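One letter stands for each residue in the lines below.
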Amino acid sequence: MTDNGDQDRRPRWAASWAARSPWSPPRVRLDLDGPTHRDPSWQHLLDPPEPEYPTYRRPVRLGERDGLVGYYRERDYTGLHIVLDEGDLTDLDDDFDYLRPIGPGHGLALPARPPRDHDPTSAAHVSLLLDPYGTVHATTGILPTANLRMPGRAFEESLDAITAGFRFGPMFTVPAPDDSSAVTLPRPADRHSTWTQPASAGAWTTHPTVPADPAPALPFARPVLRTGYLRLHPSEEGPTP
């Protein structure tokens, strides 16, 4: 987040996208840029005292109906600060107090200082769990809201290489038109897919898939009831079964 002058101070993000693995939560530094306010009284015109506000710590809330799931503060991974409220956690078995609601943001409080006066004690380092296409908001009661979005170069190439799996079944399928072992299924046009299902003795079998033909065909082929996983691959080869 860039500095836009004294009239537009806001929470400032500094993100180290390039230094981390695409599979790691992005780690960012957060500080509050506040303008220098002096006592305007006449008796202090020539010799103003040092303002006290740089010592005040203001609550900062991350996540406000946006793409944030939660965050870890500094290097403390014993608890995840999440956007859920206390009431949302009543049905979860969290005996170790691992999930900690962000609430009003009092767990993250920073002083608002001019940029030149920031030091390690006035900044917070957080590791974010977020929707890569979403926006994360930093909200305070004294400064405009700051927005953070991950650059596409940090995650899009990695997402394109992921093999995604989805559990389906039991569902009816029809044999492939050429009587091969392929499974006929609707499938996304931009992905190649395979069908994996359990076999005897704990083994798994993988079958190629062919796109279903929407045109009616008579007589109907005898359907087969299947339960398994549809796996979508970014390339035609896919993984080795």
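What you see as residue numbers is a count from 1 along each chain, following the sequence as written. Residues qualify for local features only when their pLDDT is at least 70, as the model is predicted, and side-chain atom pairs are given and counted only at 80 or more; totals for whole chains, interfaces and linings, by contrast, use all residues. Based on all heavy atoms of the structure, the side-chain values leave hydrogens and waters out of the count.

**A short note on the overall build of the protein**
Helix and strand definitions here come from DSSP, where helices need a minimum of 4 consecutive H or I residues and strands a minimum of 2 consecutive E residues; each element is numbered from the N-terminal end. In terms of regular secondary structure, the protein is built from one helix and 16 strands. Each of the 241 residues in the protein was classed as buried or not, and the buried ones make up 33%. By the convention used here, residues are in contact when the closest approach between their heavy atoms is within 4.5 Å. Expressed as a percentage of contacts within the protein between residues at least 6 apart in sequence, the contacts between residues at least 24 apart total 66%. For the protein, the accessible area works out to roughly 15,400 Å², and carbon and sulfur atoms hold 55% of it. When accessible area is computed with a 1.4 Å probe and restricted to protein chains, residues below 20% of their type maximum are described as buried, those above 50% as exposed, and intermediate ones as partly exposed. Per-residue and other accessible areas were derived by the Shrake-Rupley procedure at a 1.4 Å probe size, with only the shown protein chains allowed to occlude residues.

**Concerning the nonpolar core**
Buried Ala, Val, Leu, Ile, Met, Phe, Trp, Tyr and Cys residues that are joined via side-chain atoms within 4.5 Å together make up what is termed a nonpolar core. Trp13, Leu30, Val60, Leu62, Leu68, Tyr71 and Leu128 are the most contacted members of the largest nonpolar core, which totals 24 residues. Elements represented by at least two residues in this core include exactly strand S2 (27-33), strand S5 (68-73), strand S8 (109-113), strand S9 (124-130), strand S10 (135-139) and strand S11 (146-149). The biggest single contributor to this core is S9, with four residues. Filtering out sequence-adjacent residues up to four positions away, valine 60 remains in contact with Leu30, Leu32, Gly105, Leu108, Ala109, Leu110, Ala138, Thr139 and Thr140. Ranked by size, the runner-up nonpolar core spans five residues in total, among them Val183, Trp195, Leu230 and Leu232.

**Re the pattern of salt bridges**
Here, a salt bridge means any side-chain nitrogen of Lys or Arg that lies within 4 Å of a carboxyl oxygen of Asp or Glu. Per the stated rule, a full pass over the model turns up six salt bridges. Of the charged contacts, one joins arginine 65 and glutamate 64 as a salt bridge, the two residues approaching to 3.6 Å between their closest N and O atoms. Classification of glutamate 64 as partly exposed rests on a relative accessible area of 29%. If you follow the salt bridges from partner to partner, you end up with Arg61, Glu64 and Arg65 in one network.

**Quick look at the pairing of strand S16 (residues 224-233)**
Here a strand pair is declared whenever DSSP counts at least two bridges between the two strands. Where strand S12 (residues 164-173) meets S16, eight bridges bridge the pair, whose relative direction is antiparallel. Its bridge partner being in S16, alanine 164 is matched across the sheet by leucine 232. As judged from the five bridges shared by strand S14 (residues 192-198) and S16, these two strands associate in the antiparallel manner. Opposite serine 193, over in S16, you have leucine 232 as the bridge partner.

**Quick notes on the packing of aromatic side chains**
Ring geometry is summarised as follows: Phe, Tyr and Trp rings, the Trp one being its six-membered ring, pair when their centres sit within 6.5 Å, and such pairs are stacked at plane angles under 30 degrees, edge-to-face over 60 and tilted between the two. Overall, the coordinates contain three aromatic pairs when judged by the stated rule. For the ring pair tyrosine 133 and phenylalanine 155, a centre distance of 4.9 Å and an interplane angle of 90° mean the geometry is edge-to-face. Here phenylalanine 155 lies in the loop between S11 and helix H1 (156-160) and tyrosine 133 lies in the loop between S9 and S10, a separation of 22 residues in the sequence. Residues tryptophan 204 and tyrosine 229 carry aromatic rings whose centres are separated by 6.0 Å and whose planes lie at 50° to one another, so their mutual orientation is tilted. Note that tryptophan 204 is positioned in strand S15 (residues 204-211) and tyrosine 229 in strand S16, a separation of 25 residues in sequence. Under the relative-accessibility criterion, tyrosine 229 is labelled partly exposed at 35%.

**Some details on the sheet that holds S16**
Spatially, the five strands line up as an open sheet ordered S12-S16-S14-S15-S13, and their pairing is mixed. Across the chains shown, the open sheet's two edge strands, defined by having one partner strand only, are S12 and strand S13 (183-185). Strand-to-strand twist across the sheet, computed as the mean angle between neighbouring axes with direction ignored, equals 40°. Here three bridges tie S13 to S15, and the two strands are oriented parallel to one another. Across the sheet, valine 183 pairs through a bridge with threonine 209, a residue of S15. As a rule, the C-alpha atoms of each element are fitted with a line to give its axis, helices using only the stretch in contact, and angles between N-to-C directions run from 0 to 180 degrees.

**Things to note about the sheet that holds S11**
Pairing is antiparallel across the open sheet formed by three strands, whose spatial order is S4-S10-S11. The open sheet has two free edges, formed respectively by strand S4 (61-62) and S11, since each of these has just one partner strand. Sheet topology places S10 next to S11; four bridges connect them, and they run antiparallel. Bridged to histidine 137 within S11 is asparagine 147.

**Focus: the environment of leucine 80**
Checked against the element boundaries, leucine 80 lands in strand S6 (residues 80-82). By relative accessible area, which is 9% here, leucine 80 ends up buried.

**Brief notes about a negative patch on the surface**
A cluster of like negative charges, contributed by Asp85, Glu86, Asp88 and Asp97, occupies part of the molecular surface. Accessibility expressed as a relative area gives 47% for aspartate 97, which makes it partly exposed. Residues with no salt bridge and a relative accessible area higher than 30% make up the patches, which join like charges within 9 Å and nonpolar side chains (Val, Leu, Ile, Met, Phe, Trp, Tyr) within 5 Å. Here the positive residues are Lys and Arg and the negative ones are Asp and Glu; neither His nor the chain ends is included. By convention, the point assigned to a charge is CZ for Arg, NZ for Lys, CD for Glu and CG for Asp.

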